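# Coordinates in review
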Amino acid sequence: MSLKNTLEIDIVRASSSHIDAVDFENLTFGTIFTDHMLICDFKDGAWQKPIIKPYEPFLIDPSSKVFHYGQAIFEGMKAYKDENDDVWLFRPDENYKRFNKSAVRMAMPEVPEEVFMDGLKIILDIERNWVKKGLGNTLYLRPFMIATGHGVIAQPSNEYRFMIILSPAKSYYSGEVKVIIAEHYSRAANGGIGAAKAAGNYSAQFYPTKLANDKGFQQIIWTDDATHTKLEEAGTMNVFFRINDTLYTAPTSERILDGITRKSIIDLAKNEGIKVEVRSVLVEEIVTAAKDGSLKEIFGSGTAAVVSPIVSFSYQNTEYTLPKIDHSFALQLKEKLTKIQYKLADDTFGWTVKI
């Protein structure tokens, strides 16, 4: 599958590149950006002509509504380079659909498909040298939209800016991941914006995550807001639990993000003959399974980390350590998924898109 370009766009190329100054072997996630960015503004009720221009700061009015009422959404995607120097995206149509689902929930205008999809193709064509070959090397893509309309009256903006910026990346998490199960704080509530990839969802996590970090844990497994008895997400990832030889994960809802890696892991697991149950997972049953030895694995899934195994969890001041096992579903599924993404295995699902 490949993307066909139908977008009318202005392109202003950078006079020089800083790619040679980048140490690609020692990248800190999300801190280095490529030479160009895409901008498309929404004004007077319509999307304007997009432009790709050199990456640089831009001016914005202090009364812009993004600062005062938090109208901001984003997506996280990756580009991969195969051994033939071809560049690929992984399920970008799902990112596009989720982006506009977030836009609708945040009372923002939907971005046209040609701006999002063709914009990705064109800027990746320009920046393809930033996509390095080899497992673990990716170019992280950050499409986002902010409210740029002026004024502090509490109502939706009438102007917006859609952008795409790109950042070379390696693995997101390193070392062992230990989590604490939330007993008081919640990521989202019914009727809220938990299913949207909205900026506020992430800033609201920072304080309770800091408290967990202070106790020696890297992330939180969030529980439902009403009873704190149902396990929902792990930090910024969807979460899976393996009890004996069955994988369990919570269903998506108004509180839980519809993760693209999550749904890919579910399809891969079923294809491998692994039993998967999508249902509410209770704290009580995971604690019981940890005590009787039937809890074999917990792992998070997401674009940045792909699959992140969890070595232990804490609940009510008791820490439970996961066993070290030879046949890890987490590692098996991560290998299957990354081989598809890097074109090292046949993509029988039709997930990869050539640039």
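Values in this document were obtained by computation on a predicted structure and should not be read as measured data.

Conventions we followed
- Residues numbered from 1 in each chain as written.
- Predicted model: local features only at pLDDT ≥ 70, side-chain atom pairs only at ≥ 80, totals over all residues.
- Heavy atoms only, no water.
- Buried < 20%, exposed > 50% of the residue type's maximum accessible area, 1.4 Å probe, protein only.
- Helix = DSSP H or I, 4+ residues; strand = E, 2+ residues; numbered from the N terminus.
- Pairing = 2+ DSSP bridges.
- Patch = residues over 30% accessible without salt bridge, like charges linked within 9 Å, V, L, I, M, F, W, Y side chains within 5 Å.
- Areas by Shrake-Rupley, 256 points an atom, 1.4 Å probe, with all protein chains shown as cover.
- Salt bridge = Lys/Arg side-chain N within 4 Å of Asp/Glu carboxyl O.

### Quick word on the pairing of strand β9 (residues 160-169)
- Burial analysis of β9 places 10 of its 10 residues in the buried class, the great majority of the element.
- A two-sided burial pattern is seen for β9, the buried positions comprising Y160, F162, I164, L166 and P168 on one face and R161, M163, I165, S167 and A169 on the other.
- Pairing geometry for strand β2 (residues 36-43) and β9, over 5 bridges, is antiparallel. Looking across to β9, one finds that F42 is bridged to Y160.
- Of the pairings in the sheet, the one linking strand β8 (residues 138-147) to β9 comprises 10 bridges and is antiparallel in character. What sits directly across from T138, in β9, is A169.

### Overview of a nonpolar patch on the surface
- Residues F58, I60 and F67 make up a contiguous nonpolar surface patch of roughly 260 Å² in combined accessible area.
- Locating I60 in the fold gives a position in the loop between β4 (51-54) and α1 (65-69).

### As for the pattern of salt bridges
- For the coordinates displayed, the defined rule picks out 23 salt bridges.
- A salt bridge links D10 to K49; the nearest nitrogen and oxygen atoms lie 3.1 Å apart. Taken together, the positions of D10 in strand β1 (residues 10-11) and K49 in the loop between β3 (46-47) and β4 put the pair 39 residues apart, joining distant regions of the chain.
- With relative accessibility at 35%, the residue D10 sits in the partly exposed group.
- The partly exposed category is assigned to K49, whose relative accessible area is 47%.
- The residue E94 makes a salt bridge to K97 at a minimum N-O spacing of 3.5 Å. Taken as a pair, E94 and K97 lie in helix α2 (residues 92-105) at a separation of 3 residues, close to a single helical turn.
- Via salt bridges that share partners, R91, E94, K97, D258 and K263 belong to a single interconnected network.

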